[in-house]
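Structural characterization, general
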Amino acid sequence: MAMYSHSIHSGNEPHPFDPPHDVMKMLKREINELRAAFQAEQQQRAVEVQQLRQEVQVLKDQLQKESHERKTICHQTVQDLTQVRSDQIKSLEEMKVSFASSLHQLNQLL
């Protein structure tokens, strides 16, 4: 066998499998580069997704805080308005009593 391979291929002639082997090596190298690029892209997207999740959480927290603050303000406003209304009703009643008393005194003077 060793004699057969030496007699067909001399040192100057390229081996018939060399060009396909070179193509396969090149394709393998390209596949490895593409895999590396794909993994880098996946890692970048994972980082971006994590950042977006954190941003969404921050926005949710801010929204919840703002909502709580607005509810507190609304509750306080309702309490204040209720107190003002109560005070006005009380003042109106006092005015009615005072007016009735004044009217009674005026009628007695006449």
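The present account deals with the structure reproduced in this document. Because the structure is a prediction, the values reported are computed rather than measured.

Each helix and strand counted, the protein has two helices and zero strands in total. Against the globule reference of 13 Å for 110 residues, the protein gives a C-alpha radius of gyration of 47 Å, more extended than a compact globule. A principal-axis box enclosing the C-alpha atoms of the protein has dimensions of 155 × 15 × 15 Å. Among the 110 residues that make up the protein, the fraction classed as buried is 0%. Of the accessible surface of the protein, which amounts to about 10,800 Å², a share of 61% is contributed by carbon and sulfur atoms.

The subject of this paragraph is the pattern of salt bridges. As enumerated under the stated definition, the model contains four salt bridges in all. With a shortest N-O distance of 2.8 Å, glutamate 48 and arginine 45 are connected by a salt bridge. Separated by three residues within a single helix, glutamate 48 and arginine 45 lie in helix α2 (residues 18–109), roughly one turn from each other. Relative accessible area serves as the criterion here: at 29%, glutamate 48 is assigned to the partly exposed category. For arginine 45, a relative accessible area of 39% puts it in the partly exposed group. Where glutamate 93 meets lysine 96, a salt bridge forms, and the shortest distance between an N and an O atom there is 3.8 Å. Note that glutamate 93 and lysine 96 are positioned in helix α2 at a spacing of three residues, about one turn of the helix. Taken together, the shared-partner salt bridges in this structure form one network comprising Glu41, Arg45 and Glu48.

Okay, the environment of leucine 106 next. Here leucine 106 lies in helix α2. For the pair leucine 106 and histidine 75, spaced 31 residues apart in the sequence, the C-alpha separation amounts to 46 Å.

The grouping of Phe99, Leu103, Leu106, Leu109 and Leu110 at the surface amounts to a nonpolar patch, some 620 Å² of accessible area in total. The class for leucine 106 is partly exposed, based on a relative accessible area of 48%.

About the cut-offs
Residues numbered from 1 in each chain as written. Predicted model: local features only at pLDDT ≥ 70, side-chain atom pairs only at ≥ 80, totals over all residues. Heavy atoms only, no water. Helix = DSSP H or I, 4+ residues; strand = E, 2+ residues; numbered from the N terminus. Rg over C-alpha atoms; globule rule 2.2 N^0.38 Å. Buried < 20%, exposed > 50% of the residue type's maximum accessible area, 1.4 Å probe, protein only. Areas by Shrake-Rupley, 256 points an atom, 1.4 Å probe, with all protein chains shown as cover. Salt bridge = Lys/Arg side-chain N within 4 Å of Asp/Glu carboxyl O. Patch = residues over 30% accessible without salt bridge, like charges linked within 9 Å, V, L, I, M, F, W, Y side chains within 5 Å.

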